Amino acid sequence: MDKFITNDSRTVDQLDIIQQLHEKCMESVVEYIFSLLDISCLRTAETVCKLWYSIVKKRKLWKKLYQNHNFRSSTLNLLLDRRTCEGFNTAEDEFLHKRLLNAYEKVQQNWVIGTHVKKSVNVGHCSRFVMDSKRVITMDSTLCVTMWNRWTLEEERLPLESEDGISELTHLQLAEDLVFCSYRDGTIVAWDIMEKAVSFRFKDENISGCDLKIHTAHGLLVSFVTVTGSVRGCDQTRFSVRSIQKPFSIVAEELTKRIPCARVKDVTSDNNYFVVFLFCSNNYVVSAEDVKIQLRSIDTFEILREICGIMPSDHVFKYFDGWLVAGIRTIRIWDIEKSNCQHVIPHSNSSTEEYETLVVDVQLDGERLIIRDNSGTFKVWLFCCNKEVNFSNRIGRLSNNSLSISSEPIARRCEKFKFDELQIITVERVQDDIRGPFDLLVMRNFF
């Protein structure tokens, strides 16, 4: 090999196949070669010489690489929203796509090794929070709703209240640019974040109570409340379904029904179903047969299918895109469509079939499964579903090993967390001898 190099009398320019192709006006071939490079290789390529740099810039290869990655991952959209919320002029930034791709690569590396930066802000007494790519909305345990910029932590108190002005908040949801709040007296309010005004407010006398829940998706607003029965175990859930039209306005009530002997634990949705989790109203029974999972139509909210026997009522759970993760010491991942358990954590080849500590919350998205136990530790597993295969034949793939992220022990059983590709966000209770207990909104940043 050394002899070959020594005897080769060609100059560096003669060995540069890119330059030779460029001189022969074969730009499409040059572009194809560069299109095969990943982020780090393209970053190296543009430092080779002025010609290579000019080709990368002129052919807008960073933009094309960005578009290719953006088709497969939502992380780049989050990074773009972050720069916008931080006040950067993204429209005039000629290096925008390069910046975003370099940031994307850093995020992927940080998730692999667990590197993150923690920030926190005092949110008073937070009983619930929701988030999207730009903001976090917190609900005070009394009457207040506050919106936080996820990236700058600037706060804005939203002027929301019930019809009587004194009723307590019961539930909160963020859908696009609307914040939905429900109150104990049956009031439901929608606040338009962009217009900074109430889109609609109405009161339903039939749907009121301390556990009033709401969920909006697919142009429907569904509200639930448990009606206590005179006999133990005879509670029932009453729900109403309304249609929401754009520009945002509420349509007259379409449907009001009851679900006997059941309490609604949670309501969520995906592209195929509304998913309702019903627990037997007898709170002393925790067998799997006392939990029903209803798959309902996204058009009419009618029941399409009912599933029983998957989990007891004391298990923590999370539903995402047809997958259910549930458990308390042993975590199982179910394909709801087939009622099939595909994975068990800890793995069956582990030395134990149970966690040593109780699992207090689980969260799932299209790329990761995160489990948090009462020691405060986060266990991060890679979980991906092959989206190219038919929905009925898909397989969820779970990594063999997990990443551990330590944290403070859980101070209360109800502490929840949420995450996406850039952050893990928690609400954590702090005991202060002077101010008394208060909650921190804690953000673990992986960017």
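If you're wondering where the values come from, they're calculated on a predicted model, not measured in any experiment. (Residues numbered from 1 in each chain as written. Predicted model: local features only at pLDDT ≥ 70, side-chain atom pairs only at ≥ 80, totals over all residues. Heavy atoms only, no water.)

Structural notes on a nonpolar patch on the surface
A surface patch of nonpolar side chains, amounting to about 450 Å² of accessible area, comprises Met26, Val29, Tyr32, Ile33 and Leu36. With respect to the secondary-structure elements, Val29 resides in helix H4 (residues 27-35). By relative accessible area, which is 32% here, Val29 ends up partly exposed. (Patch = residues over 30% accessible without salt bridge, like charges linked within 9 Å, V, L, I, M, F, W, Y side chains within 5 Å. Areas by Shrake-Rupley, 256 points an atom, 1.4 Å probe, with all protein chains shown as cover. Salt bridge = Lys/Arg side-chain N within 4 Å of Asp/Glu carboxyl O. Helix = DSSP H or I, 4+ residues; strand = E, 2+ residues; numbered from the N terminus. Buried < 20%, exposed > 50% of the residue type's maximum accessible area, 1.4 Å probe, protein only.)

Digging into the pairing of strand E12 (residues 236-245)
For a regular strand, side-chain orientation follows a simple rule: the groups alternate between the two sheet faces. Burial within E12 is extensive, with eight of its 10 residues counted as buried. For strand E11 (residues 220-227) and E12, the ladder comprises eight bridges, and the chain directions are antiparallel. Paired with Leu221 across the strands is Arg242, a residue of E12. (Pairing = 2+ DSSP bridges.)

Regarding the sheet that holds strand E30 (residues 438-445)
With antiparallel pairing, the four strands of this open sheet are ordered in space as E1-E30-E29-E28. The open sheet has two edge strands, strand E1 (117-122) and strand E28 (417-419), and neither has a second partner. Averaged over all adjacent pairs, the angle separating strand axes in this sheet is 20 degrees, with direction ignored. Examined bridge by bridge, E28 and strand E29 (residues 423-430) share three bridges and lie antiparallel to one another. Residue pairing across strands places Lys418 opposite Ile425, the latter belonging to E29. (Axes fitted to C-alpha atoms, helices over the stretch in contact; angles between N-to-C directions.)

Section: the layout of surface pockets
Approximately 280 Å³ is the volume attributed to the second largest pocket. At the level of elements, helix H6 (50-58), helix H7 (61-72) and helix H9 (96-113) are the ones that each hand at least two residues to the lining of the second largest pocket. (1 Å grid on protein atoms, 1.4 Å probe; cavity = no way out; pocket = protein on both sides within 12 Å on 5 of 7 lines; lining within 4 Å. Points joined across faces, edges and corners; volume = space filled by probe spheres on them.)

Brief notes about the nonpolar core
Ranked by internal contacts, the top residues of the largest apolar core, which has 35 residues, are Phe34, Ile370 and Ile424. Look past the residues within four positions of Ile424 in its chain and what remains in contact with it is Trp111, Ile370, Phe378, Ile405, Phe417, Lys418, Phe419, Val442, Met443, Arg444 and Phe446. (Core = buried A, V, L, I, M, F, W, Y, C linked by side-chain atoms within 4.5 Å. Contact = heavy atoms within 4.5 Å.)

Notes on the packing of aromatic side chains
One pass over the structure, following the stated rule, counts 13 aromatic pairs. Look at Trp111 and Phe446: their rings are 3.9 Å apart centre to centre, the planes differ by 5 degrees, and that puts the pair in the stacked class. Taken together, the residues span a long stretch of sequence, with Trp111 in helix H9 and Phe446 in the segment after E30 at a distance of 335 residues. Judged by its relative accessible area of 4%, Trp111 is buried. The exposure class assigned to Phe446 is buried, which follows from its relative accessible area of 0%. Members of the aromatic cluster, joined through ring pairs, are Phe224, Phe239, Phe274 and Phe301. Between the NZ or CZ atom of Arg83 and the centre of the ring of Phe88, over which it lies, the distance is 4.1 Å. For Lys418, the ring lying beneath its charged end belongs to Phe129, and the centroid distance is 5.5 Å. (Phe/Tyr/Trp six-rings, centres within 6.5 Å; stacked < 30°, edge-to-face > 60°. Lys NZ or Arg CZ within 6 Å of the ring centre and 35° of its normal.)

Quick word on the sheet that holds strand E5 (residues 155-158)
With antiparallel pairing, four strands are arranged side by side in an open sheet as E2-E3-E4-E5. Only two strands of the sheet have a single neighbouring strand rather than two, namely strand E2 (126-131) and E5. For this sheet, the mean angle separating the axes of adjacent strands, direction not counted, is 25 degrees.

Comments concerning the environment of Met139
Its location among the elements puts Met139 in strand E3 (residues 135-140). Note on Met139: relative accessible area 4%, which makes it buried. Sequence separation between Met139 and Thr170 is 31 residues, and the spatial gap between their C-alpha atoms is 9.0 Å. In this structure Met139 touches His125, Cys126, Ser127, Arg128, Cys144, Leu169, Thr170, His171 and Leu172, once residues within four positions along its chain are discounted.

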